[in-house]
Amino acid sequence: MISVLASIRPFWSGKIFTREKSVELRKTYPRAACGMPFKVYMYETKPGAGGVVGEFICWFVERAARRPYQISLVDGSCLEPNEIAEYAKGKAIYGWHISNSIKYDQPVPLERFGLTRAPQSWCYLKKEA
């Protein structure tokens, strides 16, 4: 199973941990993950923890090319269709379907994953903490 590190704002990571958010929307997805599932480590951006606060398994990636967006993406992402359209800017987006989210007791520094800085969106990991 491949692993990626994704930068996520504290507001959204909180919704993932409470299971309110079941789909993470991204403009791309790990192509090397054709054989689902893949593990996602969540880096909580500042002013949050500024470290890896948890993980989840992405068991399915759903593609959406344009409106109307699938109900699973709208409901699961906690966003309105107009917010999704604004984010997508006319291009395809991908819904990473979330399962088995785990919140760590303490944030894990990026250095433990062999990284010196967080990715803009996400990156593949060669090393797990």
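Residues numbered from 1 in each chain as written. Predicted model: local features only at pLDDT ≥ 70, side-chain atom pairs only at ≥ 80, totals over all residues. Heavy atoms only, no water.

**Description of the nonpolar core**
Residues V40, F56 and W96 are the most contacted members of the largest nonpolar core, which totals 28 residues. Counting residues per element, the ones that place at least two in this core are β1 (3-8), α1 (10-17), β2 (23-26), β3 (38-44), β4 (51-64), α2 (71-77), α3 (81-88) and β5 (93-108). One finds L5, Y43, L110 and L115 within the second-largest nonpolar core, a separate group that totals 10 residues. (Core = buried A, V, L, I, M, F, W, Y, C linked by side-chain atoms within 4.5 Å. Buried < 20%, exposed > 50% of the residue type's maximum accessible area, 1.4 Å probe, protein only. Helix = DSSP H or I, 4+ residues; strand = E, 2+ residues; numbered from the N terminus.)

**Regarding the side chain of E62**
Structurally, E62 is set in strand β4. For the buried E62, which has no salt bridge, the nearest side chain bearing the opposite charge is R63, at an N-O separation of 11 Å. Here the side chain of E62 touches S72 through a polar contact of 2.8 Å, side chain to side chain. Not counting the four nearest positions on each side in its chain, E62 is found in contact with Q70, S72, L73, I93, Y94, G95 and H97. (Lys, Arg positive; Asp, Glu negative; His and termini not counted. Salt bridge = Lys/Arg side-chain N within 4 Å of Asp/Glu carboxyl O. Polar contact = N/O pair within 3.5 Å; in protein donor to acceptor, adjacent residues only side chain to side chain. Contact = heavy atoms within 4.5 Å.)

**Some details on the pattern of salt bridges**
Under the definition given, this model contains 4 salt bridges. Ionic pairing is found between E24 and R26, a salt bridge with its closest N-O pair at 3.0 Å. Relative accessible area serves as the criterion here: at 7%, E24 is assigned to the buried category. Among the ionic pairs, E55 bridges to K39, the shortest N-O distance being 3.4 Å. Of this pair, E55 sits in strand β4 while K39 sits in strand β3, placing them 16 residues apart in sequence. With relative accessibility at 14%, the residue E55 sits in the buried group. By relative accessible area, which is 18% here, K39 ends up buried. What emerges from the salt-bridge pattern is a single network uniting K21, E24 and R26.

Note that all results are geometric; they support no functional claim without further evidence.
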